[in-house]
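# Structural description and commentary
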Amino acid sequence: MTSSSNRPPVTILCGFLGAGKTTLLQYLLTQAEGRRWAAVVNDVAAINIDGAVVTLTAGNRTIVELGNGCVCCSSKDELAESLAELAATGTFDHLLVETTGVAEPRALANLFLRKNPFGRSLGDFATLASLVTVVDAPAFHAAWAQSRSEGRTAVQGTDRPVIELMIEQVECADVLVLNKCDAISSEVQAELEAILQGLNRRAEIVGTERGQISAEYLLDRVRFDPVATLGAADWIHSLNALAPGKSPGWIQPKPVAAHEAKYGIVHFTFQARRPFRKDALEALVRSGLPGLLRAKGFFWLQERPDEMGFLSVAGGVVRFDYLSYWWAAMVESGKVRLADRPAPIVAAWVEPHGDRRQELVFIGVRLDEAAARAALEACLV
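Residues numbered from 1 in each chain as written. Predicted model: local features only at pLDDT ≥ 70, side-chain atom pairs only at ≥ 80, totals over all residues. Heavy atoms only, no water.

The subject of this paragraph is helix α6 (residues 162-171). With eight of ten residues buried, α6 lies mostly within the body of the structure. Ile 163, Glu 164, Leu 165, Met 166, Ile 167, Gln 169, Val 170 and Glu 171 are the residues of α6 that are buried. (Buried < 20%, exposed > 50% of the residue type's maximum accessible area, 1.4 Å probe, protein only. Helix = DSSP H or I, 4+ residues; strand = E, 2+ residues; numbered from the N terminus.)

Spelled out as structure tokens, the structure:
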């Protein structure tokens, strides 16, 4: 295994199509000033246009082009191999990756963390320094406003509405580069910063124009933390903070952050040990919670008592998925034994319904928490 001192840092640039990742990468490369940097550029097209653009401006820096696939799915092995090979040369001080616009940061981080069948990971060869998401300020604001004005629409399967992917790219990041701020007003920028902070309380947010940000700020510090970064989404933080065995409706107390006080960002968790009525819950989530920005968590329905539901709301996109079966249902059907319950299930177990429960996190802008809680209670059987 390569020693930590010989594992070059890697900065990954994510962000939706047109956010300005290539422009940012070009600007960073102009600041190399003799330092030995390498860039890996990805494009979903068979011809890598972004790679060609960066190559023209990179001078003597090393550019590796990946094409015809997204680095978080079809090309992830090629990305890992390319980075491992670059790191193994021992000649580079820093590696930069520009992803395609549909890449998911969490999948890229896992390349550094998960072992392959031979017991190795990319983290044995290189250090993930930062996940950076470039946010197209006017496009994000427009997509967010449109998703709210059109009302919430239920989606299923692998469909990926723009706003849902944008939000997930924001939630898993160490740095959020709010780009193209010259194209929005100061009021809109303040609103966007509040929304971004509400989605990811840990990430550093920096506003910029035309991707002009200093390399020292972005590259000279390791910000990635396997636990903190991957758990930075506020819904993950809130769910993890829930203590098993507490009474329904218990809220983990936390200090009110400045952005919450100033812009009305509300976070609350809802717990209950009674099932929801399916039609009532779906109607409430789709149209009855003004200001709702994000919601995630487990739900239990009267009409589907054995199945563990999982709710996801991202802007105007709503998903009602069913992940598995409640342990209580499997015990009742004889598929598993009560004595075989894993520790987390035992901790969450409350008779007479076992692990069946409501455990949901809601994040909203000027969301009326008291009214939302009352409306959720009204959906219970």
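This brings us to helix α12 (residues 278-287). Turning to α12, its buried residues are Ala 280, Leu 281, Glu 282, Leu 284 and Val 285. In this structure, the buried residues of α12 make contact with β10 (292-299), β11 (307-314), β12 (317-325) and α15 (369-378). (Contact = heavy atoms within 4.5 Å.)

Our next topic: empty space enclosed by the protein. A full pass over the atoms with the stated rule returns one cavity of 30 Å³ or more. Within this model, the largest cavity holds a volume of roughly 60 Å³. Together, Phe 16, Thr 133, Val 134, Val 135, Asp 136, Phe 140, Met 166, Gln 169 and Val 170 line the largest cavity. Of all the secondary structure elements, the ones that give two or more residues to the lining of the largest cavity are β5 (127-136) and α6. Top contributing element to the lining of the largest cavity by residue count: β5, with four residues. (1 Å grid on protein atoms, 1.4 Å probe; cavity = no way out; pocket = protein on both sides within 12 Å on 5 of 7 lines; lining within 4 Å. Points joined across faces, edges and corners; volume = space filled by probe spheres on them.)

A word on the pattern of salt bridges. Counting across every chain of the model gives 20 salt bridges. Here Asp 174 ties to Arg 202 by a salt bridge, and the two come within 2.7 Å at their closest N and O atoms. Highlighted residues: Asp 174 in the loop between α6 and β7 (175-179) and Arg 202 in the loop between α7 (186-199) and β8 (204-207), separated in sequence by 28 residues. Taking the shortest distance from any N to any O, the salt bridge between Glu 209 and Arg 210 comes out at 3.9 Å. Through salt bridges with shared partners, a single ionic network connects Lys 115, Arg 120 and Asp 124. (Salt bridge = Lys/Arg side-chain N within 4 Å of Asp/Glu carboxyl O.)

Along the chain, the position of Arg 223 falls in the loop between α8 (215-219) and α9 (226-230). Its relative accessible area of 7% is what places Arg 223 among the buried residues. Discounting chain neighbours no more than four positions away, the residues touching Arg 223 are Ala 129, Ser 130, Asp 174, Val 175, Arg 202, Glu 204, Tyr 217, Leu 218 and Thr 229.

This next bit is on the pairing of strand β13 (residues 358-365). Within β13, eight of the eight residues are buried, which leaves it mostly tucked inside the rest of the structure. With eight bridges connecting them, strand β9 (residues 265-272) and β13 associate as antiparallel partners. Across the sheet, Phe 270 pairs through a bridge with Leu 360, a residue of β13. In this sheet, β13 lies alongside β10 in antiparallel orientation, the contact comprising six bridges. (Pairing = 2+ DSSP bridges.)

Next up on the list: the packing of aromatic side chains. Throughout the structure, instances matching the rule amount to five aromatic pairs. When the centroid spacing of 5.2 Å and the interplanar angle of 20° are considered together, the rings of Phe 268 and Phe 362 count as stacked. In this pair, Phe 268 is assigned in strand β9 and Phe 362 in strand β13, connecting sequence segments 94 residues apart. Here Phe 268 matches Phe 362 in class, with each residue buried. An angle of 85° between the planes, with centres 5.9 Å apart, marks the rings of Phe 299 and Phe 320 as edge-to-face. Of this pair, Phe 299 sits in strand β10 while Phe 320 is found in strand β12, placing the two residues 21 residues apart along the sequence. Here the two residues Phe 299 and Phe 320 agree in accessibility, since each one is buried. Aromatic ring contacts, followed pair by pair, group Phe 299, Phe 320 and Tyr 322 into a single cluster. Here the guanidinium or amino end of Arg 304 rests over the ring plane of Tyr 322, the centre of that ring lying 3.6 Å away. (Phe/Tyr/Trp six-rings, centres within 6.5 Å; stacked < 30°, edge-to-face > 60°. Lys NZ or Arg CZ within 6 Å of the ring centre and 35° of its normal.)

Turning to the nonpolar core, a few remarks are in order. In terms of nonpolar packing, the biggest core is built from 34 residues, with Phe 140, Ile 163, Val 170, Leu 178, Leu 192, Ile 195 and Leu 199 touching the most fellow members. Broken down by element, the residue count for this core peaks at six residues, all from α7. Discounting chain neighbours no more than four positions away, the residues touching Leu 178 are Val 135, Ala 137, Gln 189, Leu 192, Glu 193, Leu 196, Val 206, Gly 207 and Thr 208. Counting residues in hydrophobic clusters, the runner-up holds 26 residues, among them Val 40, Ala 80, Ala 87 and Phe 224. (Core = buried A, V, L, I, M, F, W, Y, C linked by side-chain atoms within 4.5 Å.)

Right, let's get into a negative patch on the surface. Residues Asp 77, Glu 78, Glu 81 and Glu 85 make up a contiguous surface patch of negative charge. Relative to the helices and strands, Glu 81 is located in helix α3 (residues 76-89). (Patch = residues over 30% accessible without salt bridge, like charges linked within 9 Å, V, L, I, M, F, W, Y side chains within 5 Å. Areas by Shrake-Rupley, 256 points an atom, 1.4 Å probe, with all protein chains shown as cover. Lys, Arg positive; Asp, Glu negative; His and termini not counted. Charge placed at Lys NZ, Arg CZ, Asp CG, Glu CD.)

Read these as layout, nothing more, since geometry by itself doesn't imply function.
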